[in-house]
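Residue-level listing of the chains:
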Protein chains: 2
Amino acid sequence: MDAANSGPPPKRTGRRPGSADTRSEILAAARAEFASLGYEKATVRGIARAAGVDSALVHHYFGSKDRVFMAAVQFPVDPELLLGQLTGDPADVGERVARLVVGLWEAPPVRDRMVALLRSVASNEELAALLRVFAQQMLVSRVSQVLPGRDAELRVELALSQVIGTAMARYVVGIEPLASVPPEELVRYLAPALQEHLAPRAR
Amino acid sequence: MDAANSGPPPKRTGRRPGSADTRSEILAAARAEFASLGYEKATVRGIARAAGVDSALVHHYFGSKDRVFMAAVQFPVDPELLLGQLTGDPADVGERVARLVVGLWEAPPVRDRMVALLRSVASNEELAALLRVFAQQMLVSRVSQVLPGRDAELRVELALSQVIGTAMARYVVGIEPLASVPPEELVRYLAPALQEHLAPRAR
């Protein structure tokens, strides 16, 4: 050891309760727990243990297990908003959902988070598992409360597939003319396909 | 240098004309050229120069610039097949396209290549640029020959967005029930939305 390194050791600046570090360590632990155990089996206690903190601290930061989950996924759209649009007049449910998602995308912070999520979910197995658990728990399993039909879950997933694919093509790949079409026009083009999924005409 | 390394230098096993190495170096150079210059400006000569080989060798391996491009992208579906389905009776174009893509996905080698492409395009800027150029050149710019309407390009891109999003949800994220729905049923659920994009009813 040379003279320059012989002074007192540097102050330990690691995790302290209340630091931004603690919060992000809890979130990392939560992501791992939810991805590997699923929503039902993951517990606040287990997350706390994995993060090396007390359960009370997890509750302090996030409140309920639900809230830890939302924060861990950083899903750009509140599922409540989406479920809210599924209720109401079936005659224009496609347009309501199109308007909601396009409106959210056009807000730069939401778009940025969504693009970040799209980029990482495709290459990150843990995140894909987390998103699967999230979509199942927060959205799909509650769909039957707001949409009629035995196949409501499948239909909602196909509508979301249209939405996610459009976001990929418009923002991640950036293919023209889709990348530049004005939001209002995009709503008009998306609505009929979403309508087909969410309130199919009798065939 | 120690004794163990003092023998004759190991045989150089690097690039030889005709080796698998040469082929993959040409493809890497082609990906970079097409992604940065676009299809029109990229040349076989430029690709050869970037790969450190003679243009004749590029022609020998791949034939035309078109063929180098297809090989560089490794797009899992021949665009000709897709364009072929867009022609013909508009009354069931949605079902034809749904049947084509679902049929291709259910062939494991195609599915594997598609999943690999989806995983990498989201996190790889060069690949996203390449795919943008590919979709524009091989598909979108030729759509007006087979589909009527000033907005045919946009409609095809929205139909592809549905297809790509469904592949993401079914194979990459793996959300249920979409991940397990039998192919024939999936065709039935996809067709009406694709129909809305590709042959919209008068509204």
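In this convention, every chain numbers its residues from 1, walking through the sequence in written order. Chain letters and ligand numbers both follow the written order, the letters beginning at A and the numbers at 1. Side-chain atom pairs in this predicted model are given and counted only at pLDDT of 80 or more, local residue features only at pLDDT of at least 70, and totals for whole chains, interfaces and linings cover all residues. Water and hydrogen atoms were dropped before computing side-chain values, which therefore reflect all heavy atoms in the structure.

## Remarks on the relation of the copies chain B and chain A
Moving on, step 1. Least-squares superposition aligns the copies on the C-alpha atoms of those residues with pLDDT at or above 70 in both. Relative to chain A, chain B is turned by 180 degrees and slid 0.0 Å along the rotation axis, the superposed coordinates differing by an RMSD of 0.0 Å. A rotation of that kind, with that shift, is consistent with a two-fold axis.

## Things to note about the interface of chain B and chain A
Moving on, step 1. Every contact between the two is made by 41 residues of chain B and, on the other side, 41 residues of chain A.
Moving on, step 2. Here the quantity called buried area is the accessible surface, traced with a 1.4 Å probe, that two parts lose on coming together, added over both. Both sides of the chain B and chain A interface together cover about 3600 Å² of buried area, and 65% of this is carbon and sulfur.
Moving on, step 3. By definition here, a salt bridge exists when the distance from a side-chain nitrogen of Lys or Arg to a carboxyl oxygen of Asp or Glu is within 4 Å. Between Arg119(B) and Glu125(A) there is a salt bridge, and its shortest N-O distance comes to 3.5 Å.
Moving on, step 4. As used in this structure description, the phrase polar contact means that two N or O atoms lie within 3.5 Å; if the pair is within protein, one of them must be able to donate a hydrogen and the other to accept it, and residues adjacent in sequence are counted only when both atoms belong to side chains. Seen at the junction of chain B and chain A, the total is 12 residue pairs in polar contact (both at pLDDT 80 or more).
Moving on, step 5. Elements that contribute at least two residues to the side of chain B that touches chain A include exactly α7 (108-123), α8 (125-143), α9 (152-173) and α10 (183-198) of chain B.
Moving on, step 6. Only DSSP runs of H or I covering at least 4 residues are called helices, and only runs of E covering at least 2 are called strands; the numbering of each starts at the N terminus. At 13 residues, the largest contribution of residues to the side of chain B that touches chain A is made by α9(B).
Moving on, step 7. Among the residues forming the side of chain B that touches chain A, the class breakdown is 22 nonpolar, 8 polar and 11 charged. Pairs of residues are marked as contacts when any of their non-hydrogen atoms sit within 4.5 Å. Just so you know the grouping, Ala, Val, Leu, Ile, Met, Phe, Trp, Tyr, Cys and Pro go in nonpolar, Asp, Glu, Lys and Arg go in charged, and all remaining residues, Gly too, go in polar.

## Considering unusual backbone geometry
Moving on, step 1. The step from Glu176(A) to Pro177(A) runs through a cis peptide bond, and the omega angle for that step is 5 degrees.
Moving on, step 2. Turning to its location among the elements, Pro177(A) is positioned in the loop between α9 (152-173) and α10 (183-198).

## A look at the confidence of the model for chain A
All names here are of chain A.
Moving on, step 1. Per-residue confidence from the predictor is given as pLDDT, running between 0 and 100. Confidence along chain A averages 85 in pLDDT terms, with 90% of residues attaining 70 or more.
Moving on, step 2. At the low end of the mean pLDDT range in chain A sits helix α7 (residues 108-123), at 81; at the high end sits α10, at 96.
Moving on, step 3. Overall, residues 1-7 carries pLDDT values under 50, and its contacts beyond four positions in sequence, including any with other chains, amount to 0 contacts.
Moving on, step 4. Taken together, the stretch residues 9-15 has pLDDT below 50 and engages in 7 contacts with residues farther than four places along the chain or on a different chain.
Moving on, step 5. Among the scores for the predicted complex, ipTM is 0.78 and pTM is 0.79.

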